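A structural walkthrough
Below, each chain spelled out in residue letters.
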Amino acid sequence: MRGARNAAPDWMKQDGHAIMAFVVFCAVALALLPSLRLIVAAVAPGWTWNPAALAGLGAPVARAAAWNTLEVAVLSSAGSLLLGTCFALALAVTDVRAKMPLAFLFALSLMVSPQVVALAFKSLAGPASPLLNALGIAPQPGSPNPMLGRGGVILVMALHHAPLVAITLGAGLKAIPRSVIEAAYVDGASPRIIVQRIVMPLLQPHIVSASLLVFVAGVGNFGIPALLGLPAGYLTLPTLIYRQLSNSGISVIADAAALSLLVGGIAALGVIAVIRLQRRQTTRIDLDDAMRPFWLLGGRKRLVEAVLWSVIVVACVLPTLSLLASSLVPAYGVPLSLATATLGNYAEVLFRQAVTVRAFRNSFTFAGSTAMMLAVAAPIIAYGLERYAGRWRAAIETIIEIPYALPGVVLGIACILLFLKPLPLIGVSIYATPFIIVFAYLARFLPLALKAPLAAMRTLARDQEEAAAVFGASAWQRLRYIVLPHLATSAIAGALLVFLLCFNELTVSALLWSGGTETLGVALLSLEEQGLSSAAAAIAITATLTVSGIMLVLHGLRSRLPPGVLPWTDAATESHVRRTGF
């Protein structure tokens, strides 16, 4: 009986082989081959088994970097968990106002790239801060910048990853049935007791998942340790790999591969744990019975709203104002005033400086190309997974998720190893070309592009496909005329999210760029290392405005997207806001 229930209808078995071949090719080429090549390079350099190749992992600098990586990941995860949990609960269970703007701005602080966030906090603190000097509250000249080093890395990473916790817990809060809360009210439970004894216990699996997700994000984060840790000599594994390759080139690629395997191994433990937890979570979200805010704050509403907006100010507004102030002064450390304010940095990076102009062009080109290719490929892959993969679907999805789950530095090293020599048969090498960056972007962000089309596929009834198959329509014809029109908006939304992340990407491109293929993230890091903080701030502000614009476009499409595609909104919350006003 079980086999009969799982058997595919006859119309699904017709002409689907080519679609599944495309799905398997994408999974193998973009995810499996780079991962296998990295493992081989780490344990069998020269294609000969050599355990001694891992001896470099015992070097003092590697041990110190590994300890720093774990320290940063654990401590920043604790801070993110505390802040993100409180924020998610406040939006989900209380009657605070302006929930959509709060969620949007909190998510914006996550969508802005880590190196931009790090630069913002670096320019905010310290005696040379243009903003603090303009306000007359800057520290004494010569005092150290408190954001540089261990404490600054942990603090900024905790703030940056807190929205990830809030998004993860938001999904769990939506799955709590309203009937459970109403039953507790009938029994006379207060809102505080309901949160303590009902909401939090039901939320425990999601809290564990969120903890593991931010831990993995902390292990692989490169932008924040690069800008706040490297200047103070505080190395994590990603920044150690970057420094080794920057100083010695591909001559140390074997050592870099071993370190990358260590980073990937640490991250993989967290990823595997998250997958196992998610498979155990079988709760289904019923929007009609989803939990609604039940804690009426009364006179304390203004206080709670003030705390939430204070978080937004610290995580989003103040850093942005600091970047803006830094970008408007002729040099970092000059106080901002009407006499010193200038747009010269913007003119320099947008029009005059060849490297930054090229970086803008490259980032638009690479991100746009990746987004367009995934906008075409993602619906086909989603259709193949939903209709034809059958029992192989879980394995294929797991393989596709690998590049997105592992730290970007690991993917960068894997791509270098895979394309360092000319490709077999055709004898062409894409190493040190734009194509290797685009390949890495495709591999890394395919799972993100698939999220919306897969969600839309679950809402597509099979009736029309069955009718078309009866009249002889092939799988490609059904895909073209029935499925793609239904998935079009979701595919565009996924592509815009991909563009948003690719445009500011640094972790992968920092290892893969070469002369002429600089990206915005690389240009920002290079300017900051050269001491040109005002020019770097101008790049950061421009990139932040681009990210904000794309998020607003996606926000405008929210009513046409499946629930849960956009991290700052969902159907349940939106319908509640329209009905109640908060």
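Residues numbered from 1 in each chain as written. Predicted model: local features only at pLDDT ≥ 70, side-chain atom pairs only at ≥ 80, totals over all residues. Heavy atoms only, no water.

**Re the overall build of the protein chain**
Definition in use: Helical segments are the DSSP runs of H or I of at least four residues, strand segments are the runs of E of at least two, and each set is numbered from the N terminus. The buried label goes to any residue with under 20% of its type's maximum accessible area, the exposed label to any with over 50%, and the partly exposed label to all in between, with areas taken from a 1.4 Å probe on protein chains only. Accessibility throughout is a Shrake-Rupley quantity obtained with a 1.4 Å probe, and a residue counts as covered only by protein chains that appear here.
When helices and strands are tallied, the protein chain shows 25 helices and 0 strands. Scored against the burial criterion, the 582 residues of the protein chain give a buried share of 54%. Total accessible area on the protein chain is roughly 25,200 Å²; 66% of this is exposed by carbon and sulfur atoms.

**Comments concerning the packing of helix α4 (residues 60-93) against helix α10 (residues 191-220)**
Rule in force here: Fitted lines through C-alpha atoms serve as axes, helices being fitted only where they are in contact, and the angles separating the N-to-C directions of these axes extend from 0 to 180 degrees. In what follows, roughly perpendicular refers to angles from 65 to 115 degrees, roughly parallel to angles under 35, roughly antiparallel to angles over 145, and oblique to any angle outside these ranges. For a crossing to be left-handed, the near helix must be turned anticlockwise from the far one by less than a right angle; the clockwise case is right-handed. Contact definition: two residues touch when any of their heavy atoms are within 4.5 Å. Three residue categories are used. Nonpolar comprises Ala, Val, Leu, Ile, Met, Phe, Trp, Tyr, Cys and Pro, charged comprises Asp, Glu, Lys and Arg, and polar comprises the others, including Gly.
Here α4 crosses α10 at 140°, and the two axes come no closer than 9 Å. Relative to α10, the element α4 is oriented oblique. Our pair here, α4 against α10, has a crossing hand that is right-handed. Only V195, V199, M200, L203, I207, S211, V214, F215, G218 and V219 of α10 make contact with α4, whose side of the interface consists of T69, L70, A73, V74, S77, S80, L81, T85, L89 and V93. By residue class, the composition of the contact of α4 with α10 is 14 nonpolar, 6 polar and no charged.

**Observations regarding the environment of G515**
Within the secondary structure, G515 is located in the loop between α22 (509-512) and α23 (520-529). Along the primary structure G515 and V355 are separated by 160 residues, whereas in three dimensions their C-alpha atoms are 9.5 Å apart.

**Some points on α23**
Counting buried positions over the 10 residues of α23 gives 8, a clear majority of the element. Here α23 has its buried residues at L520, G521, V522, A523, L524, L525, L527 and E528. Just downstream of α23 lies G531, where phi reads positive at about 85°.

**Some words on the confidence of the model for the protein chain**
Formally: For every residue, the predictor assigns a confidence score, pLDDT, that lies between 0 and 100.
In the predicted model, the protein chain carries a mean pLDDT of 84, and 89% of its residues have values of at least 70. Throughout residues 1-6 the model reports pLDDT below 50, and contacts reaching past four residues in sequence, or to other chains, amount to 0 contacts. Low pLDDT, under 50, characterises residues 571-582; the predicted model gives this stretch 20 contacts beyond four residues in sequence or across chains.

**Digging into the packing of helix α3 (residues 17-43) against helix α17 (residues 393-405)**
It is the contact of α3 with α17, at a shortest axis distance of 8 Å, that shows an interaxial angle of 45°. Here α3 is positioned oblique relative to α17, judged by the angle of their axes. Once α3 is placed against α17, the crossing between them reads as left-handed. Residues M20, V23, V24, A27, L30, A31, L32 and S35 of α3 form the contact with α17, whose own contacting residues are I396, I399, I400, I402 and P403. A class-by-class count of the residues in the contact of α3 with α17 yields 12 nonpolar, 1 polar and no charged.

**Some details on the packing of aromatic side chains**
The test is simple: Think of it this way: a Phe, Tyr or Trp ring, Trp meaning its six-membered ring, pairs with another when their centres are within 6.5 Å, and the plane angle makes it stacked under 30 degrees, edge-to-face over 60, tilted otherwise.
Under the defined criterion, the tally for this structure stands at 10 aromatic pairs. On the numbers, 4.0 Å between centres and 20° between planes, the contact of F87 with F106 is stacked. Here F106 lies in helix α5 (residues 99-111) and F87 lies in helix α4, a separation of 19 residues in the sequence. This pair shows no difference in class: F87 is buried, exactly as F106 is. Where F419 meets F439, the ring centres are 4.8 Å apart and the plane angle is 85°; that geometry is what we call edge-to-face. Of this pair, F419 sits in helix α18 (residues 408-419) while F439 sits in helix α19 (residues 434-457), and the two are 20 residues apart along the sequence. In this pair, the class of F419 matches that of F439, namely buried. Among the aromatic residues, those joined into a ring-pair cluster are F364, F499 and F503.

**Digging into the pattern of salt bridges**
For the record, the criterion: A side-chain nitrogen of Lys or Arg and a carboxyl oxygen of Asp or Glu constitute a salt bridge if their distance falls within 4 Å.
Counting across every chain of the model gives 10 salt bridges. Between E518 and R358 there is a salt bridge; the shortest N-O distance is 3.0 Å. Of this pair, E518 sits in the loop between α22 and α23 while R358 sits in helix α16 (residues 354-387), placing them 160 residues apart in sequence. By relative accessible area, E518 is classed as buried at 8%.

**Details of a nonpolar patch on the surface**
Where we set the bar: A residue counts toward a patch only above 30% relative accessible area and without a salt bridge, and it is joined to like-charged neighbours within 9 Å or, for Val, Leu, Ile, Met, Phe, Trp and Tyr, to nonpolar neighbours within 5 Å.
Side chains of V313, V314, V317, L318, L321 and L324 sit close together on the surface and give an oily, nonpolar patch of about 400 Å² of accessible area. Note on placement: V314 falls in helix α14 (residues 301-327).

**Description of unusual backbone geometry**
At A98, a residue that is not glycine, the phi angle is positive and equals roughly 55°. Here A98 is to be found in the loop between α4 and α5.

**Topic: the environment of A475**
Counting through the fold element by element, A475 comes out in helix α21 (residues 475-503). Between the C-alpha atoms of A475 and G16, which are 459 residues apart in sequence, the distance is 5.7 Å.

**A look at the side chain of S123**
Going by this rule: Polar contact criterion, stated in full: a pair of N or O atoms within 3.5 Å, where within protein one must be able to donate a hydrogen and the other to accept it, and residues adjacent in sequence count only if both atoms are side-chain atoms.
Counting through the fold element by element, S123 comes out in helix α6 (residues 114-124). Overall, the relative accessible area of 3% leaves S123 in the buried class. One polar contact links the side chain of S123 to the main-chain carbonyl oxygen of A120, over a distance of 2.9 Å. Within the structure, the side chain of S123 is placed 2.8 Å from the side chain of S322, a separation counted as a polar contact. Ignoring any residue separated from it by four or fewer positions in sequence, one finds S123 in contact with S129, P130, S322, L323, S326 and Y332.

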